[in-house]
Structure formats: structure tokens, C-alpha cells
Amino acid sequence: MAVQYKKVAPEGGWGMLVGIGMATMFTVSLGSLPSFGLMYGDFLTDLGEETSAIALITSCFFSALSFAGLFTNTLMKKTSCRTVGLIGAALYVIGSFMTIFVRSTNELLVSFSIFQGAGFGLMIPVSYTTFNAYFVQKRVVMMSVSQTLIGLGTMIYPIFIQKTMEAYGFRGCMAVLAAVNSNTLVAMLVMHPVEWHMKKLQLTEEELQMTTPSNEEPAGNVVSKIIKGLDRSRRASSIPGLGNWSGPVVVSDTTERDKKPATKWQVLVDFLDLTLLKDPIYVNIVLGISFALYSDLAFFTLQPMYLFMIGFGKPDVSLIIAIGAGADLLSRVFLAISSTCLNIKARYVYLAGALFTILARFAFLFVYDFYGMATITAIMGFLRTWIHVPLPLVFSEYLPTERFPSGYGLFMFLQGNITFAVGPIVGYIRDVTGSYSISFHCLTLFMALCVFPWLFEIVYLRLKVKALKEADLQQHKVAIPIKLETIEAGDKS
């Protein structure tokens with residue numbers, strides 16, 4: 001008898017290079033965002049457009065990123081995942097080299113916002129999709145390790161930019177950064193299809209029995225067969241979207257619709273995979289994460305200005321921010337180590353991070369001394385990792401592998417537009433009221449829009465599952481004796 005094998009994810013090997021490539025791409029791409037003022041501040045000041053230009057350019061960057069992410073799945077249907085990543089890397093590198101020669105705000109808008117934003121938007125889903133394909137059992141561990149490398153890189157990046165700017169000036173620094181950003185091409189080149197590196201494992205005896213058809217039916221399986229049949233019929237009738245149950249075949253309800261000519265709206269829905277928006281759990285995940293991310297980014301943007309207002313000096317503010325960044329990095333290492341021995345769903349980690357962040361922010365507003373502020377900032381920095389690191393894993397846990405690119409791309413689009421829509425609200429409230437405390441409470445409310453709908457969903461689904469199990473048990477108690485009596489009557493006759 002020939003030995004039979006199954007193909008599984010490598011869980012290492014070339015996947016290590018995939019993880020390093022993903023970390024490299026995010027380091028060089030994300031590193032430029034918090035350092036934007038450091039890179040272009042003097043250039044925009046000379047043009048007399050510093051404040052307004054920074055707001056416009058960063059907003060356009062995230063808009064281009066969101067739209068590119070939305071179309072990633074469509075591109076992946078027409079070409080390979082790796083090719084889409086290389087297109088994104090090429091756009092990002094072209095934009096980087098264009099920044100060397102910019103002379104106006106409009107030219108910076110095209111080079112940085114459009115080219116680099118769109119390139120980054122294409123590379124994100126490609127990186128996460130490839131990573132998820134290479135790691136299944138070790139996914140959380142390897143994602144935590146990659147995020148730790150990203151954290152280290154983004155901490156070093158501003159120092160690197162400052163030293164380069166001092167040594168070579170603005171355009172010399174842009175040239176060096178363009179060369180560094182070219183590493184995104186290498187990062188996308190290592191995103192090999194997982195089929196090239198899958199491992200072969202010999203099937204176990206149990207797996208062979210499951211795959212080998214048998215005409216013999218043990219007598220002890222009669223009752224279990226009845227239960228399975230009842231359960232299968234129940235599930236088919238209780239989920240109408242699966243189709244109409246008729247014997248052993250599920251006939252899909254979509255066949256008749258496919259015979260009709262597709263409307264323009266249906267073409268758009270299929271093109272962008274908008275059917276995901278019919279899934280309330282997916283929508284709840286997207287809205288929760290979008291509000292939580294906006295709350296997190298806006299909070300840490302306002303924190304330094306708040307610290308200046310309550311009397312902290314520049315050295316103290318810099319040290320407090322550094323302590324928060326150090327706690328963030330420590331939390332990434334902790335998450336990587338703890339994930340090797342604890343198997344907790346990524347969504348629960350995200351939920352815990354958001355919940356404890358709300359509590360920490362309430363304490364933050366009652367602290368005014370240096371040591372207290374450093375401590376509470378360290379706690380919030382530690383919890384911040386729980387909001388950023390598990391993010392892609394929340395989607396990979398819920399979505400099937402083939403729908404992850406479209407699901408994550410659609411999230412990027414919706415998250416970008418939600419941020420664009422609610423972004424000015426907190427700034428407006430701050431300008432009208434003149435109070436940072438009210439602004440922080442508003443941001444905490446946005447974080448709560450992640451926590452409470454998620455908690456409601458979890459409790460509701462658990463109660464529903466419990467009710468279904470109880471209903472199943474009642475059905476089986478009634479159905480099994482009837483079936484057994486029928487079998488015994490048949491044997492006597």
C-alpha cells in the first residue's frame with residue numbers, strides 16, 4: 001500500500017523570511033509617519049504652509065492607503081499575491097525617489113500621499129495574507145515576534161532620520177530614505193506562494209480511516225447515525241442561506257440568481273466583496289477596531305500637548321513618552337513569550353486591551369506629578385500593544401483564508417473613512433470647550449464603542465448557543481427512543 005501524505009503550512013522555514021520581510025516593510029513604511037514633521041517640517045515652513053499642509057498631506061495619505069487596500073482583493077484575483085505586493089513596493093519606492101526633487105506642497109502631495117500611500121495600502125494585505133498562509137499553529141507567536149521587530153525599528157527610525165538630516169541636509173536625507181525604502185521590494189520578493197514551501201506529513205491511521213470509504217457499518221453506529229441525520233436536517237433548515245435541503249445534496253439558492261444578468265450594483269458587490277457587510281459579526285469587528293484605533297492614535301497625539309499645559313517641561317515630556325514607548329516594546333516581548341504557552345483568541349486579547357485602556361485613561365486624568373504620570377503612561381503603553389499586535393489576527397481568526405484579503409482590504413477602506421469622518425470632532429470639541437479633559441473623555445467613549453458592542457455580541461452568542469444545545473438535547477431525547485422502537489419492531493417482524 002502506498003504511503004499517503006497531506007500538505008500543511010511550513011510553520012517556519014521560508015516563513016521566517018516572510019516574517020522578516022513583513023517586519024521590514026512595516027518598519028520603513030510606518031517609521032516615516034510619526035517622523036513626518038521631522039522630515040518635512042522645515043521644508044513646509046519655508047513654503048509658509050506647515051500646519052495646513054501637514055493635515056492635508058497625512059489625510060490624503062490615509063485616503064490613498066484605504067482605497068488601495070479596498071482593491072487589493074480584486075487585483076489578487078487577476079494576478080498573484082506576490083505580484084500585487086511588488087506593484088505596491090514599486091509605487092512606494094517611486095514615490096520615495098520623487099520626494100528628493102519636490103519643490104511644492106502639490107508635488108509632495110503626489111509623491112508622498114498618492115504614490116507612497118497607495119503602495120503601502122497594497123503591501124499591507126499582501127503581507128498579512130502571506131504570513132497567515134505560512135503560520136497556523138505558531139501564528140500568534142510569530143506575529144508577536146514580527147511586531148516586536150517593528151516596534152524596535154520604529155523606535156530607532158526617528159533617531160536615524162535626525163542624524164541623517166544633520167549630516168546630509170533635507171534632500172540628502174530624502175535620498176538616503178529612498179534607498180532604505182527600496183528594501184520594500186526585497187520584502188515583497190520573499191512573499192513566495194505557500195505552495196512552494198508546504199511540508200508533507202504522513203497521514204495517521206485515524207486520518208486514513210476517515211479518508212478511506214467503507215461499506216461495513218458497525219452495529220454500534222446506528223444510534224449515532226440517526227443523531228447525525230437529525231442534526232444535519234436541523235442545521236440545513238435553520239440556516240436558510242445554505243440552500244434547500246433535499247436528501248444528501250444541498251442545492252444552492254444562488255443558481256437561479258446567477259442565470260439572470262447581473263445588475264451594475266451586483267457587479268460592484270462582487271467586485272469589492274461587499275457581501276461581507278451582511279455579516280453582523282464582521283461589521284461589529286470592523287466598527288470596534290476602527291473606533292479603538294482612532295481613539296488610540298488621537299489620544300497619544302494629544303497627550304504631549306496636555307502635559308505641556310499642566311506644567312511639564314520638554315525634558316520631562318520626552319522622558320514620559322520614551323517610557324511609554326519602552327513599555328510598548330516590553331509588552332510586545334511579553335506577548336510573544338506568553339503566546340507560546342497560552343492559547344487565547346486574538347479578539348479576546350484585543351477586547352481586554354481596550355477595556356483596561358478605558359480604566360487607565362480615567363486614572364490618567366487624576367495624575368499630575370511626574371512619577372505618577374510616568375507610571376500611568378507606562379501602563380497605557382503596555383496595553384497599547386494589545387490593541388495593535390492582535391489586529392490582523394482578529395480578522396484571520398474569523399475570516400476564511402480565501403476571504404482574508406478582501407475582508408482586510410474592506411476594513412482598511414472603512415477604517416480610513418471612519419477616521420476621516422470622526423477625526424475633526426475631537427479637535428473641534430477641544431477648540432470650542434478649551435478643555436483637554438473633555439476631549440479625552442470623548443476619546444474614551446470611542447474606545448467604549450469597541451468594548452460594549454463586542455461584549456454584547458459575545459454574551460448574546462453564548463446564550464444563543466446554550467439555548468440551541470438545550471433544544472437539541474430535548475429533540476434527541478424524544479427522537480432516539482422512537483427510532484429505536486421502530487428498529488426493534490422491524491427486527492421482530
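Everything below is about the structure printed above this text.
The paragraphs below set out a description of the structure included in this document. Just so it is clear, the model here is predicted, and its values are computed rather than measured.

### Details of the overall build of the chain
- Check the secondary structure of the chain and you find 18 helices and 4 strands.
- For the chain, the proportion of its 493 residues judged to be buried stands at 44%.
- By sequence separation, contacts in the chain at least 24 residues apart represent 83% of the contacts at least 6 residues apart.

### Some thoughts on the packing of aromatic side chains
- Taken as a whole and assessed by the stated rule, the structure comprises 30 aromatic pairs.
- Ring centres of F395 and F411 lie 4.8 Å apart, and the angle between their planes is 40 degrees; on these two criteria the pair is classed as tilted. Highlighted residues: F395 in helix α16 (residues 391-398) and F411 in helix α17 (residues 404-433), separated in sequence by 16 residues. Across this residue pair, the class does not change: F395 and F411 are buried.
- Ring plane angle 10 degrees and centroid distance 6.2 Å describe the contact between F456 and Y460, whose orientation is recorded as stacked. With F456 and Y460 both in helix α18 (residues 436-492), this residue pair falls 4 residues apart, about one helical turn.
- It is R347 that lies over the ring of W454; its NZ or CZ is 4.3 Å from the centre.
- Positioned above the aromatic ring of F300 is the side chain of R384, whose terminal nitrogen or guanidinium carbon lies 4.3 Å from the ring centre.

### Regarding empty space enclosed by the protein
- Enumeration over the complete set of coordinates arrives at 2 cavities of 30 Å³ or more.
- The volume enclosed by the largest cavity comes to roughly 80 Å³.
- Forming the boundary of the largest cavity are S32, M39, Y40, S96, T99, F112, Q116, Y157, M174, L177, A178 and N181.
- Among the elements that take part in the lining of the largest cavity, helix α6 (residues 139-181) stands out by supplying 5 residues, more than any other.
- What lines the second largest cavity is simply F299, R361, F362, F364, L365, F440, H441 and T444.
- When residues of the lining of the second largest cavity are traced back to their parent elements, those giving at least two are α14 (346-364) and α18.
- Among the residues making up the lining of the second largest cavity, the classes are represented as 5 nonpolar, 2 polar and 1 charged.

Cut-offs and rules
- Residues numbered from 1 in each chain as written.
- Predicted model: local features only at pLDDT ≥ 70, side-chain atom pairs only at ≥ 80, totals over all residues.
- Heavy atoms only, no water.
- Helix = DSSP H or I, 4+ residues; strand = E, 2+ residues; numbered from the N terminus.
- Buried < 20%, exposed > 50% of the residue type's maximum accessible area, 1.4 Å probe, protein only.
- Contact = heavy atoms within 4.5 Å.
- Phe/Tyr/Trp six-rings, centres within 6.5 Å; stacked < 30°, edge-to-face > 60°.
- Lys NZ or Arg CZ within 6 Å of the ring centre and 35° of its normal.
- 1 Å grid on protein atoms, 1.4 Å probe; cavity = no way out; pocket = protein on both sides within 12 Å on 5 of 7 lines; lining within 4 Å.
- Points joined across faces, edges and corners; volume = space filled by probe spheres on them.
- Nonpolar A, V, L, I, M, F, W, Y, C, P; charged D, E, K, R; others polar.

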